[in-house]
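Fold and contact review
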Amino acid sequence: MKQLTAKEEEIMNHYWTYGDMQIRELQSHYDDPKPHVNTLSTMVKILEEKGFLCHRALSARCFQYFAKISREDYRGGSLANVVNKFFGHSYLNAVSALVKEEKLSIEELKQLIREVEEE
């Protein structure tokens, strides 16, 4: 899965949070100073080319865009990319690094195991 830049991820978060919308609606979700409509339009087209967004025509010159990939699917793909790139395709190595760097305690790891076993 392709990675998003910070600005692309910001736009995708708006679509994941608010759902289908036109460019002007997207712009309304930004604080002042709001990004220009042309800037957002360019970014949305890039996200469409990358396969993250799709559109439907509401009229000849009016399009509504929507997320093609869910936040969960993107998160899972991003995690897989990190594990593959930095931990030799091993989730065990990733978890081991978290424990060794004290980002995840043994107790938290045991709790995670109990939760997974209960599912």
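Residues numbered from 1 in each chain as written. Predicted model: local features only at pLDDT ≥ 70, side-chain atom pairs only at ≥ 80, totals over all residues. Heavy atoms only, no water.

Moving on, we get to the pairing of strand E2 (residues 62–67). Across 6 bridges, the pairing between strand E1 (residues 53–59) and E2 is antiparallel. By the bridge assignment for E2, His-55 is matched with Tyr-65. Linking two consecutive strands that pair antiparallel, namely E1 and E2, is a turn of 2 residues. (Pairing = 2+ DSSP bridges. Helix = DSSP H or I, 4+ residues; strand = E, 2+ residues; numbered from the N terminus.)

A cluster of acidic residues, Glu-115, Glu-117, Glu-118 and Glu-119, forms a negative patch on the protein surface. With respect to the element layout, Glu-117 can be found in helix H6 (residues 106–118). Given the relative accessible area of 63%, Glu-117 is considered exposed. (Patch = residues over 30% accessible without salt bridge, like charges linked within 9 Å, V, L, I, M, F, W, Y side chains within 5 Å. Areas by Shrake-Rupley, 256 points an atom, 1.4 Å probe, with all protein chains shown as cover. Salt bridge = Lys/Arg side-chain N within 4 Å of Asp/Glu carboxyl O. Lys, Arg positive; Asp, Glu negative; His and termini not counted. Charge placed at Lys NZ, Arg CZ, Asp CG, Glu CD. Buried < 20%, exposed > 50% of the residue type's maximum accessible area, 1.4 Å probe, protein only.)

Our focus in this paragraph is the packing of aromatic side chains. A full pass over the atoms with the stated rule returns 2 aromatic pairs. Taking 5.9 Å as the distance between ring centres and 35° as the angle between the ring planes, the aromatic pair formed by Trp-16 and Tyr-74 counts as tilted. Taken together, the residues span a long stretch of sequence, with Trp-16 in helix H1 (residues 6–18) and Tyr-74 in helix H4 (residues 71–86) at a distance of 58 residues. For Trp-16, a relative accessible area of 16% puts it in the buried group. Judged by centre distance (5.7 Å) and plane angle (75°), the ring pair of Phe-52 and Tyr-74 falls under edge-to-face. Here the residue Phe-52 occupies a position in the loop between helix H3 (37–49) and E1, and Tyr-74 occupies one in helix H4, the gap between them amounting to 22 residues. With respect to burial, Phe-52 and Tyr-74 carry one shared label: buried. By way of ring pairs, the aromatic residues Trp-16, Phe-52 and Tyr-74 are connected into one cluster. (Phe/Tyr/Trp six-rings, centres within 6.5 Å; stacked < 30°, edge-to-face > 60°.)

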